[in-house]
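Structural overview
What follows is the residue order along each chain.
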Amino acid sequence: MNAQKIEGSITLVTGANRGIGRALTEALLARGAKKVYATARDPQSLGDLHDKRLVVLPLDVTDADQIRAAVEAAPDIEIVISNAGVSLGTAITDIATVDHARREMEVNYFGPLKLLQSLAPTLARNGGGAFVTVGSVAGLTNAAFFPTYSASKAALHSLTQAARVLLGAQGTSVFGVYPGPVDTDMSRALTFPKTSARDVAKAVLDGIEAGQEDIFPDPFALDFSGQFEASPKASERQFAAMVTAMLSGSAAAA
Ligand SMILES: NC(=O)c1ccc[n+]([C@@H]2O[C@H](COP(=O)([O-])OP(=O)(O)OC[C@H]3O[C@@H](n4cnc5c(N)ncnc54)[C@H](OP(=O)(O)O)[C@@H]3O)[C@@H](O)[C@H]2O)c1
């Protein structure tokens, strides 16, 4: 696994307009990136970010034409950070669950898969570089607050492992990022202590620069990783207890 230097690098970030993606974009610029392709569904949502090293591109990761256009517009990419994601947070018993689960798979799994397929040749041409997926601890152990989101992140984790093997041959390092609760729009409903997107972005870039293939970028994730490594079953029981306690708390409050 090759460490990647951020200073002087050319990186593409998906979902760069808010949350962790925005923090990553700002951290890349602060650490001396040569160019950052900041992509978003609505490019205007990046209009307040001014830096001559920034190239804003429209990119919905579920839109094959927009992925194709981004690949053409950005032939010099060395690092891809596949960050965009959605959590639609429905219980398995909700009527909308199957539609929401499909949407989560489209954005959280098929999007990164298409991006990986489309950008692997660019990375190869530019010396290998790195592909970074932003997953979740919930992709390693299902967090049944958001059961179908967790399943989509499990699929992404599996894809990340495959990409590490298959892109290794062309010299591309593949990093998996597994955050715990981060203070962004996505986790607004969660009552746990959360890490700031800024601290998470810093830890992600530190991990890439250290050549750390699995990046646990916050205290919750670090604790989780220690336990998960020792016993995946203990992690499953811990998450089950957290979810049960939260659900019985909301039932009591209702
Ligand atoms: N927050 C957490 O606690 C947490 C924990 C673990 C992992 N993560 C992961 O971290 C990543 C970033 O999440 P966040 O916390 O920063 O959430 P967020 O604040 O809700 O931001 C999500 C980002 O993804 C973008 N996005 C959604 N659908 C997209 C699509 N089809 N194409 C392109 N971009 C799309 C959003 O763009 P729009 O503004 O256009 O919607 C937004 O920029 C996600 O992969 C998430 O699963 C988050």
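Presented here is a report on the structure given in the accompanying data block. Just so we're clear, the structure is a prediction, and the values are computed from it rather than from any experiment. (Residues numbered from 1 in each chain as written. Predicted model: local features only at pLDDT ≥ 70, side-chain atom pairs only at ≥ 80, totals over all residues. Heavy atoms only, no water.)

**Here's the deal with helix α6 (residues 219-230)**
Under the 1.5 Å per step criterion, the end-to-end length of α6 is 17 Å for 12 residues, consistent within 8% with the ideal 16 Å. Residue Asp218 occupies the N-cap position of α6, its side-chain oxygen lying 3.2 Å from the main-chain nitrogen of Phe220. (Helix = DSSP H or I, 4+ residues; strand = E, 2+ residues; numbered from the N terminus. Expected span 1.5 Å × (residues − 1). Polar contact = N/O pair within 3.5 Å; in protein donor to acceptor, adjacent residues only side chain to side chain.)

**Here we look at the side chain of Ser9**
Structurally, Ser9 can be placed in the segment before β1 (10-13). A distance of 2.6 Å separates the side chain of Ser9 from the backbone oxygen of Ile6, its partner in a polar contact. In this structure Ser9 touches Ala33, Lys34, Lys35, Glu78 and Ile79, once residues within four positions along its chain are discounted. (Contact = heavy atoms within 4.5 Å.)

**Here we look at the site of the ligand**
Inspection of the region around the ligand gives 29 residues, with Asn17, Arg18, Arg41, Tyr149 and Thr184 positioned closest. Interatomic distance of 3.2 Å between a backbone N/O atom of Gly15 and an oxygen atom of the ligand. With the chains in place, 94% of the 900 Å² that the ligand exposes on its own is no longer accessible. Elements supplying a minimum of two residues to the shell around the ligand: α1 (19-30), α3 (97-125) and α4 (147-168). (Near = heavy atom within 4 Å. Areas by Shrake-Rupley, 256 points an atom, 1.4 Å probe, with all protein chains shown as cover.)

**Some thoughts on the pairing of strand β2 (residues 35-40)**
Counting buried residues along β2, five of its six residues qualify, which places the element largely inside the surrounding structure. Judged from the four bridges that link them, β1 and β2 form a sheet pairing that is parallel. What sits directly across from Val13, in β2, is Ala38. Once the chain exits β1 it traverses α1 before rejoining the sheet at β2, and the crossover so formed is right-handed. (Buried < 20%, exposed > 50% of the residue type's maximum accessible area, 1.4 Å probe, protein only. Pairing = 2+ DSSP bridges. Right-handed = clockwise from strand over helix to strand, strands pointing away.)

**Topic: the pattern of salt bridges**
All chains considered together, the criterion is met by 14 salt bridges. Linking Arg53 and Asp51 is a salt bridge whose minimum nitrogen-to-oxygen distance equals 2.9 Å. Overall, Arg53 belongs to the partly exposed group, its relative accessible area being 25%. Take Asp51: its relative accessible area is 28%, and that puts it in the partly exposed class. A salt bridge links Lys202 to Asp206; the shortest N-O distance between them is 3.0 Å. Of this pair, Lys202 and Asp206 both sit in helix α5 (residues 197-210), four residues apart, roughly one helical turn. When its relative accessible area of 31% is taken as the criterion, Asp206 is described as partly exposed. One continuous salt-bridge network, built from bridges that share partners, spans Arg31, Lys202, Asp206 and Glu209. (Salt bridge = Lys/Arg side-chain N within 4 Å of Asp/Glu carboxyl O.)

**A few points about the packing of aromatic side chains**
Taken as a whole, this structure holds eight aromatic pairs when the rule is applied. Look at Phe224 and Phe228: their rings are 5.4 Å apart centre to centre, the planes differ by 15 degrees, and that puts the pair in the stacked class. Note that Phe224 and Phe228 are positioned in helix α6 at a spacing of four residues, about one turn of the helix. Under the relative-accessibility criterion, Phe224 is labelled buried at 3%. Overall, the relative accessible area of 24% leaves Phe228 in the partly exposed class. When the centroid spacing of 5.4 Å and the interplanar angle of 45 degrees are considered together, the rings of Phe224 and Phe239 count as tilted. Of the two residues, Phe224 sits in helix α6 while Phe239 sits in helix α7 (residues 232-253), which places them 15 residues apart along the sequence. In this structure Phe239 comes out as buried when scored by relative accessible area, which is 3%. (Phe/Tyr/Trp six-rings, centres within 6.5 Å; stacked < 30°, edge-to-face > 60°.)

**So, the nonpolar core**
Of all hydrophobic cores here, the largest spans 31 residues; its most connected members are Leu24, Leu28, Val36, Ile81, Val132, Leu205 and Ile208. Sorting the residues of this core by element identifies α1, β2, β4 (79-82), β5 (130-134), β6 (173-177) and α5 as the ones contributing at least two each. Those residues in contact with Val132 that sit more than four places away from it in its chain are Ile79, Val80, Ile81, Ser82, Phe175, Val177 and Ile208. Among the nonpolar cores identified, the runner-up in size contains 26 residues, and Ala70, Ala84, Leu115 and Leu119 belong to it. (Core = buried A, V, L, I, M, F, W, Y, C linked by side-chain atoms within 4.5 Å.)

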